[in-house]
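Chain by chain, the residues run as shown.
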Amino acid sequence: MKIEYLGHSSFKLTESTGTSVVCDPYDSSVGYEMDKVSADAVTVSHGHFDHNNISAIEGKPIVLDRECRCDLHGVEIDAIKSFHDGQRGKQRGENLIFKFRMDGIDVCHLGDLGEDCSSELIDLLLPVNVLLIPVGGTYTIDAEMAKEYVDRIMPDVVIPMHYKSKDCKLDISKIDDFIGLFEAESIEEIDSNEIELMRNDFDGETKVVILRRE
């Protein structure tokens with residue numbers, strides 16, 4: 001399968017069969033434009049401008065924006081309710097976590113997760129091979145809480161998202177605080193916005209992969 005980082009919290013996931021899903025498309029209020037892409041489906045973790053720009057997705061994708069469990073041309077998709085803050089949604093409402101099974105790989109996109117790490121939520125998410133996790137704080141979990149999620153979930157690959165990057169106008173932290181919590185040998189910076197993964201790439205060790213938006 002292939003994972004393309006489109007910026008902010010948005011990714012395009014593509015199975016070897018060609019079936020594709022775009023997660024959390026954003027609009028220019030983030031500080032930069034999202035490139036036009038096509039997909040079979042688009043997932044929306046919640047209704048904020050930096051996660052729900054469905055019009056950026058070309059074609060006629062299926063829109064998944066509520067709790068569900070479905071099969072998209074052989075890709076299993078599970079949307080799990082969570083909260084956008086640590087007060088069970090009283091501040092910023094609910095958030096959907098999306099899980100995908102592509103080419104035998106379990107991918108989890110946490111959206112704008114803001115709630116504390118609990119055993120109940122972890123049990124709903126497992127197993128996870130690839131974890132797409134917000135790390136910028138302010139509106140989501142911060143670096144320290146993100147590290148706790150990583151330690152509890154123990155994915156093979158962690159890809160940070162929703163952090164302060166070049167041109168980003170949002171009041172969130174840079175990625176440095178998060179990657180500073182890991183040993184240098186477990187961090188891989190890729191000079192590209194995409195990565196291809198296969199089941200046999202995983203060795204049981206957790207690796208943080210930083211993708212660069214092109």
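Everything below is about the structure printed above this text.
Bear in mind the structure is a predicted one, so any value in this text is a computation, not a measurement.

1. Let's talk about the sheet that holds strand β5 (residues 41-43)
The strand order β7-β5-β3-β2-β1-β15 describes an open sheet built from 6 strands, whose pairing is mixed. Bordering the open sheet on either side are β7 (62-64) and β15 (194-196), each of which pairs with just one other strand. Between one strand axis and the next, the sheet turns by 20° as a mean value, whatever way the strands run.

2. Digging into the packing of aromatic side chains
As enumerated under the stated definition, the model contains 4 aromatic pairs in all. Ring centres 5.4 Å apart and planes at 80° place the aromatic pair Y26 and Y32 in the edge-to-face group. Like Y32, Y26 is buried. An angle of 65° between the planes, with centres 5.0 Å apart, marks the rings of F178 and F182 as edge-to-face. The buried category is assigned to F178, whose relative accessible area is 0%. Cation over ring: K147 sits above F182, and NZ or CZ is 5.1 Å from the ring centre.

3. Quick notes on the nonpolar core
One finds I3, L13, V130, I133, Y149 and F178 to be the most contacted residues of the largest nonpolar core, which totals 58 residues. Of all the elements, helix α2 (residues 143-153) adds the most residues to this core, at 6 residues.

4. Section: the sheet that holds strand β14 (residues 187-190)
Pairing is mixed across the open sheet formed by 8 strands, whose spatial order is β8-β9-β10-β11-β12-β13-β16-β14. Single-partner strands in this sheet number two, and they are β8 (68-72) and β14. In this sheet, adjacent strand axes meet at a mean angle of 20° when their direction is disregarded. By the bridge criterion, 5 bridges tie β8 to strand β9 (residues 75-83) in an arrangement that is antiparallel.

5. Digging into unusual backbone geometry
In this structure, the amide linkage connecting L126 to the following residue, P127, adopts the cis form with an omega of -5°. Within the fold, P127 resides in the loop between α1 (119-125) and β12 (130-134). Positive phi, normally seen in glycine, also occurs at D24, with a value near 45°. For D24, the location among the structural elements is in the loop between β3 (20-23) and β4 (37-38). The backbone of H162 sits at a positive phi, close to 55°, despite the residue not being glycine. Inspection of the secondary structure puts H162 in the loop between β13 (157-161) and α3 (176-179).

6. As for the environment of D78
Following the sequence through the fold, D78 ends up in strand β9. Taking the C-alpha atoms as reference points, D78 and F98, separated by 20 residues in sequence, lie 5.7 Å from one another. Aside from chain neighbours lying at most four places away, what touches D78 is C68, R69, I97, F98 and K99. Reaching out from D78, the side chain makes a polar contact with the side chain of R69 at a distance of 3.0 Å.

7. So, the side chain of D112
Considering the arrangement of structural elements, one finds D112 in the loop between β11 (105-109) and α1. When its relative accessible area of 2% is taken as the criterion, D112 is described as buried. Of the polar contacts made by the side chain of D112, one reaches the side chain of H46; its length is 3.3 Å. Not counting chain neighbours up to four residues away, the residues in contact with D112 comprise S9, S45, H46, H51, F83, H84, N95, Y139, T140 and H162.

8. Regarding the pairing of β13
With 5 of 5 residues buried, β13 is to be regarded as a mostly interior element. Neither face of β13 is exposed, since V157, I159 and M161 on one face and V158 and P160 on the opposite face are all buried. Note that the unit made of β12, α2 and β13 has a crossover that is right-handed. Across 2 bridges, the pairing between β13 and strand β16 (residues 207-211) is parallel. Across the sheet, residue V158 finds its bridge partner in β16, namely V208.

Reading the values: the criteria
Residues numbered from 1 in each chain as written. Predicted model: local features only at pLDDT ≥ 70, side-chain atom pairs only at ≥ 80, totals over all residues. Heavy atoms only, no water. Pairing = 2+ DSSP bridges. Helix = DSSP H or I, 4+ residues; strand = E, 2+ residues; numbered from the N terminus. Axes fitted to C-alpha atoms, helices over the stretch in contact; angles between N-to-C directions. Phe/Tyr/Trp six-rings, centres within 6.5 Å; stacked < 30°, edge-to-face > 60°. Buried < 20%, exposed > 50% of the residue type's maximum accessible area, 1.4 Å probe, protein only. Lys NZ or Arg CZ within 6 Å of the ring centre and 35° of its normal. Core = buried A, V, L, I, M, F, W, Y, C linked by side-chain atoms within 4.5 Å. Contact = heavy atoms within 4.5 Å. Polar contact = N/O pair within 3.5 Å; in protein donor to acceptor, adjacent residues only side chain to side chain. Right-handed = clockwise from strand over helix to strand, strands pointing away.

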